[in-house]
Structure formats: structure tokens, C-alpha cells
Amino acid sequence: MEHIKTPKVGNVRWLDNHSRNSTEGTLYLTATHLIFVDVQRNKETWIVHTHIQSVEKLSIGQAGSPLRIRCKTFQVLTFLITQERDCHDLYSSLLKLSKPVKIDDLYAFSYNPRGEQLSQQEGWDLFSLNNDYMQMGLPTRYWKVSRINNEFGLCDTYPRLICVPSLATPALLMGSAAFRSKRRLPVLSYLHENGSVIVRCSQPMAGLNSRSIEDEAFVDLIRRSKSGPDDFMYIVDTRPMLNAVANRAQGKGYENTDLYENIKYHFLGIENIHVMRNSLNKLLDACEDSTNTVGAWLEAVNNSGWLKHVHNVIQVSRFIAHAVGKENRSVMVHCSDGWDRTAQTCSLAAIMLNPHYRTIDGFLALVQKEWLHFGHKFMHRLGHLDGDPREVSPVFTQFIDAVWQLMRLYPCSFQFNEQLLFDLHDHAYSCQFGTFLGNCAKDRQVHSLTSRTYSLWGWMMKRLKSYTSPLYHAVEQHKPENKLLLPPKLPHCVRFWRAMYNRFDKGLHPRQNVTAIVKTLYDETAKLTNDVASMRKRRNQLRQKLGFETQKNELTPQGDVSPMSSPSHKATTLRSKSPTLVKIPRRPASTDDVQSLAPPQAEPQTLRHAVHSTPDIASISSNKKPSVSIGGALVQSSDLVVSFSTQCLSDSDEEPVANSNNVVTEKQLESAPEEQQLPKRKILIPDELAGGPDHEVEIPESGWDLIQHEVLDPSVNGVVGAPS
């Protein structure tokens, strides 16, 4: 809080970078976020400080002082602040807050998921390294899981558990580690079903003429740790050959094929972290420039070289996957220190080889293993703390981009969608969770991240529905012809990822995402399927409830009229798919007759029946038949008996057929569920009831409900009853 000089600045205009539009609001500066509040739209925009990559003060104009903020999520915000002093205070505060000095100052250590229902322990043990080894079928005859690095004594940037050849002795492991940069000796990354493996390590400390007998024996043991031990093995150096040769002058370099038996060496030319950083910056400059013509923009994107680098990373990974999956060859992969280009290519090759890593759980487990357990320097590469800017590089961003390219080429092969990639990328930079803090497993243990911060995996597991792709076909992925994905070598197969690098520029999104549309259709289909299943269940329940059990004291012979002891007596009988006779007292000729017939304080006589309810109850048309009809009802003028048929729910539209003499009491009828669906009724109101010409009331079919019909005062013309 000591860095916050001005916590609130009013009358701030947020300028649109691609138009002259602006939004007026208020800026709030907290210890963790910069918040812009649009009062008119009642909308808030939150930017965590660790997402801020750079802050720049632009030239002062007549309207105020512009402040431009570039984020690591590729969002660019330009605020026009009226007072220059307020602009300077915000500028100096954001410079300090976006680059904390100590790891304890990061957002993860103060984050509190109030409404997330997320426990602190949730997700930390979700993707353990041992589980991933077991998923690959380890240990085997040729490979074992070793705890020699349990105290990080063998290599402090490797995990506690490493998988090495079964015949490897501790002395051999120690000797190989001593000859490798950062002591990152060759260890297993991926075991294929044919026995071939991908092994990762760092460059050897070969220099001009150095060698290690232990390292040579260890590499040969890796080559022979499969069926067909006389086969050769590939060593893939992901660096350009010129870079590898230059490292020899520093006492490092590459393996001498004269000393390592049955080895085929390949330099595959992925550029270093400095080239990638400059390339992405050029790409983002092209994305931000709204004045470019189409030709100028295409030229700027091409000159950035970003798509070329992404294509190169994919092709190196393809070479590894082809060697393992098609040629049945083992491959040892390294770059300089084995935590940047090595992590990229080993991860992508595993995705191409194994459908498991194309699922949500498998992909997150792969990130946990290849990037977190095996020591990608997230603290340095993502620039979490104030440090050497030359160590910052978008290595992980490039990997996410390459995964999206594969998803675009094979949309039915991936269980997850690009929303998962967005969240994974953004939260790697946000420092909201402790998952991506630290450079290796040892760092995370030293800072007790599992007990002091929350896990990103636990947070993401609660959002699986939003990450699931509707195009994914799980069964198809396990067919032999679909297991191995080998992307084409053609350069035009790599596309610019607009949804990532321009996702905050709303004016640049003329089309809807096809995957989102398909997912919406899938969700609607699933909802309708559930509704159909629910309606079938309710139909069956209704059939059971309307089983028309015979009730005592309510028996009515078929075709006869129930006797009435008094005008106030109500007899309601209902037969399934058969006529039902309901006796309604004959309207007396005069008011005196009504008083003589009705008992004291008699309630209006009611008849409840499930009919179709609608806002506009019906149209009334003239009819001269002296009868009352409900769905084929018959009123006998002498007794005023209403006879109507009731059809239970069925899959056909056939006319009801009289087939039983069962009787249902009015009490049972009142307890029937509202979901009953019965045919449309027509009610004929004779002149004897209405005191005028006969009328017919038709209830349209738009939904069913329980309606109460009351025998009202016949002086009310045309009305027999009203909905209850």
C-alpha cells in the first residue's frame, strides 16, 4: 500500500485504440488490481497488477495526459487523465506494483476465493508425477522410477522422482549429471506403447575435446532399453547448429558422434529466447497499429517471424513423434539447458503420439510434468518479479499457440477448447495461484506454496463444462489410425491466432466462433433430450396415478346417473377412455325455487377437471343444441347430466375408447399433477343454464392445468365457470 499515492482518479476517459470512441469513468488503484468503473453502464474492468507488462506516459494534450498500459494478456489500455499530476502518480505506482521485488509480494499470497468454494488443498495433488508414470505403464522391464533425487541432490531443478533405465547405477547417474549443463542428466519424458521413448536432458559440457565415460555409457544404456537393442537412436538438438558450435567455446556444446555409439544427430534450428521475445513484440506492434493497410499488416506479421517460429516448433515436434510412432526409434532431446525448447518439443510430441494428452486431464497433467516438475523457469520467463528483462521470453505462450494450431487442424481430436488455453495462459501470468510460481519443484517446496496459496488446477476443475469441446469424439481417438497425429509440413497450415492476440479488440471479431455455436447447439440438444426424458417419466407417473382404482361409496354403473340426495350433493365420476357422467342440479325456475332446494349457506357447486389453460380462454360461438358437452359431453335436459370422456396421455392421437367402469373420486382428481396433458375440450352451454342461446366454449391446446368450473348464477350470460 505504500506505493499507492492516489487511490482514486475521477473523470477518466478510456480510449478505444481502433476508433475515436471513449468511455468515461473512475479509476481505482488497490494493492492487487487497477479497476476502471464505467458508471453509466454499471460495468467494472479489473486488471491484476502482475498482468501489466509495461506502463507508458504519452505526450500531454489539451484534453489531458494519456497513460498507456500493455498487458501480458495482449490487452492494451489507454486512459486519458485530466490532471497531469494524477497521471504521474498512477504511472509511478503501477511501475512499482507491477514488478514486485519479493515473491511474498505476489497476488497469490493474498488471494482469497470468497465465492469460489475452493479449498486451499484442492488441486495440488491432482496431477502427481507418479500417476503420470503409472499411466504410461511404468515401471517396466527396461525402466524404473528412481528416488535418487529425493533431496534434490542429483539435480536441483528436477523433480524428486525420475525415470531412468533399470540397469543404471547411482554412480552412472552421478557421472552423467556431472557432465551435463545444470546437472540435467537424460531422464525419461515419454514411453510409447511400442517401447520407444523420448528422453530429455541439457547439453553436454563437451567443450572442444572433453568427454565423460559415464555419460556415454548412460546414453548407450538408454538406446538399448527397448526391444531391438541394436537399433540406432536419434539425438535431437533443437538449437541452430551455429549456436551449438558457439557454445563449445564456453565449455558446453553437443555430443560427439564418434564417442556415442549408434547415434544419429540432428540440429533442428529453433531460435533462442531472445529471438522469440523480439518476434512476439513485433507481432504485437502489428496488431496494435490500426492504420495499417491489409498489405502492410500482412508484411508486418510476416516480418515478425512469429508464425515461422511456431511452425518450426511444430515441425521439430513432428520429427520426434514420427521417429517414435512410425520408426520405433528412441529420441533424446535437448537444447541448451533443457527447460525451454526441450519442454516445448517433448510436450507437443507427446500430444501427437498419445490421445490421453489430448484430453483435459491428460493435457493439464502434461503441463504439470514437462513444464512444472522438470523446471521451466516460469519466474524468469514470465517476468513475475523485477529482474533481468533479458530472461523474459514467451516460451510458454509459443507452446500454447502451437497447441492451438494442432486443435485447429484436428478439431475432433481434442477434448478441450481454446477457452482452456486462454485461462491457462492468463493465469500463468496473473500470479493469482501458486501453481506457476517458482522455477522448479524445489523452489515451490522452499516457499511452501501448497500450504500458502491456492492451486490453479482446483480452480479449473470447477469449470470443466466451459472447457469441453463439442467436436471431440473420444471413441474415434483410440482407433489405431487416429492415435498418431502428424501435422502437415506445409507452412500455410499455421495461422495467425486472432482470438488470442486481438481478443480484446471487439471491432476485429466479425464472425462468431464456430465451435461456440456448435457447443450451444449441443447444450440445447442435451436440454431437450432431458426434457423429453422428464416428460416420459411424468407420463408414466400419470398413467399410474390415473389407474382408476374403484373407490368405495363412489360407484356409478356404466350408462346410469348417480342418484343425488340433495341439490348440494356433488357426484363426480371419471372413467379412463370412457364416458363420465356428472350430475348438475337443474336450474330452478325462480329464486324461490333456488332457496327451497339449496341448503343454508350452500357453497357454489364445483367440478374440478384437468383441462387446457390459456390466457385467452376461448371463442364463444352460437349453437342451438340444448346440451352441455365437454369433449363430446352430453347434457340430458331432464336431469342436466353432463357426460364427457377423458383420454389419458398416449403416443397417438386416436379417439378415446370406452373400456372400463372404474371410478375416480373428486379428491383424487384434485390431487392429480398439473403436468397431465389431456385433449382439447369443447363446452356447450345450453339455454337452460345460460338463460339464452346455446354457446360453445373451446379451450385451445397450449398447456394443461387444473381449472375449477363453478355453477354460477345463470343470470350471468354465457358463463358456466371460471379458472380457479
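Rules of the game
- Residues numbered from 1 in each chain as written.
- Predicted model: local features only at pLDDT ≥ 70, side-chain atom pairs only at ≥ 80, totals over all residues.
- Heavy atoms only, no water.
- Pairing = 2+ DSSP bridges.
- Helix = DSSP H or I, 4+ residues; strand = E, 2+ residues; numbered from the N terminus.
- Axes fitted to C-alpha atoms, helices over the stretch in contact; angles between N-to-C directions.
- Contact = heavy atoms within 4.5 Å.
- Buried < 20%, exposed > 50% of the residue type's maximum accessible area, 1.4 Å probe, protein only.
- Salt bridge = Lys/Arg side-chain N within 4 Å of Asp/Glu carboxyl O.
- Phe/Tyr/Trp six-rings, centres within 6.5 Å; stacked < 30°, edge-to-face > 60°.
- Lys NZ or Arg CZ within 6 Å of the ring centre and 35° of its normal.

## As for the sheet that holds strand β14 (residues 331-334)
An order of β10-β11-β14-β12-β13 is seen for the 5 strands of this open sheet, with the pairing classed as mixed. This sheet does not close on itself; its edge strands, each paired only once, are β10 (187-191) and β13 (263-267). Averaged over neighbouring strand pairs, the angle between their axes works out to 25° when direction is ignored. Running at roughly 170° to strand β12 (residues 233-237), helix α8 (residues 306-325) makes contact with β11 (197-200), β12, β13 and β14 of the sheet.

## Comments concerning the pairing of strand β7 (residues 76-81)
Among the 6 residues in β7, 6 count as buried, and that is most of the element. Neither face of β7 is left uncovered, since the one carrying V76, T78 and L80 and the one carrying L77, F79 and I81 both have all their residues buried. Bridge count for strand β1 (residues 8-15) against β7 is 3 bridges, and the pairing is antiparallel. Within β7, the residue paired with W14 across the bridge is F79. Sheet topology places strand β6 (residues 65-71) next to β7; 6 bridges connect them, and they run antiparallel. Paired with I69 across the two strands is L77, which belongs to β7. As consecutive antiparallel partners, β6 and β7 are separated by 4 residues, and within that stretch F74 has a phi angle of approximately 75°, a positive value.

## Side note on the pattern of salt bridges
Scanning all chains against the criterion turns up 25 salt bridges. Between D132 and K369 there is a salt bridge, with the nearest N and O atoms lying 3.2 Å from each other. Placement of D132 in helix α2 (residues 129-135) and of K369 in helix α10 (residues 360-373) is noted, with a sequence separation of 237 residues between them. With respect to burial, D132 and K369 carry one shared label: buried. Three or more residues joined by partner-sharing salt bridges are found here, namely D132, R200, K369 and E370.

## Considerations on the packing of aromatic side chains
With the rule as written, the count across this model stands at 32 aromatic pairs. With a centroid separation of 6.3 Å and 65° between ring planes, the pair formed by Y190 and Y357 is classed as edge-to-face. Here the residue Y190 occupies a position in strand β10, and Y357 occupies one in the loop between α9 (341-353) and α10, the gap between them amounting to 167 residues. The pair Y190 / Y357 is uniform in exposure class, with both members buried. With 6.5 Å between their ring centres and 85° between their planes, W306 and Y501 make a pair best called edge-to-face. Placement of W306 in helix α8 and of Y501 in helix α20 (residues 498-501) is noted, with a sequence separation of 195 residues between them. When its relative accessible area of 0% is taken as the criterion, W306 is described as buried. Since its relative accessible area comes to 2%, Y501 is described here as buried. Grouped by ring-pair contacts, the aromatic residues F127, F363, W371, F378, F396, F399, F414, F416, F436 and W457 constitute a single cluster. Here K264 stacks its cationic end above the ring of F232, 4.2 Å away from the centre of that ring. In this structure, R503 is placed above the aromatic ring of F422, and the distance from its NZ or CZ to the ring centre is 4.8 Å.

## Considering the sheet that holds β7
As summarised here, the arrangement of the 7 strands in space is β4-β3-β2-β1-β7-β6-β5, forming an open sheet in which the pairing is antiparallel. Where the open sheet ends on each side, the last strands, each with one partner, are β4 (43-48) and β5 (52-57). The mean angle between the axes of side-by-side strands here comes to 30°, regardless of whether they run parallel or antiparallel. Sitting on the sheet, helix α1 (residues 84-97) is in contact with β1, β2 (22-29), β3 (33-38), β5, β6 and β7, with an inclination near 155° to β5.

## A few points about the pairing of β6
Burial within β6 is extensive, with 5 of its 7 residues counted as buried. Relative to β6, β5 is paired through 5 bridges, and the arrangement is antiparallel. Considered in β6, the bridge of S54 is made with R70.

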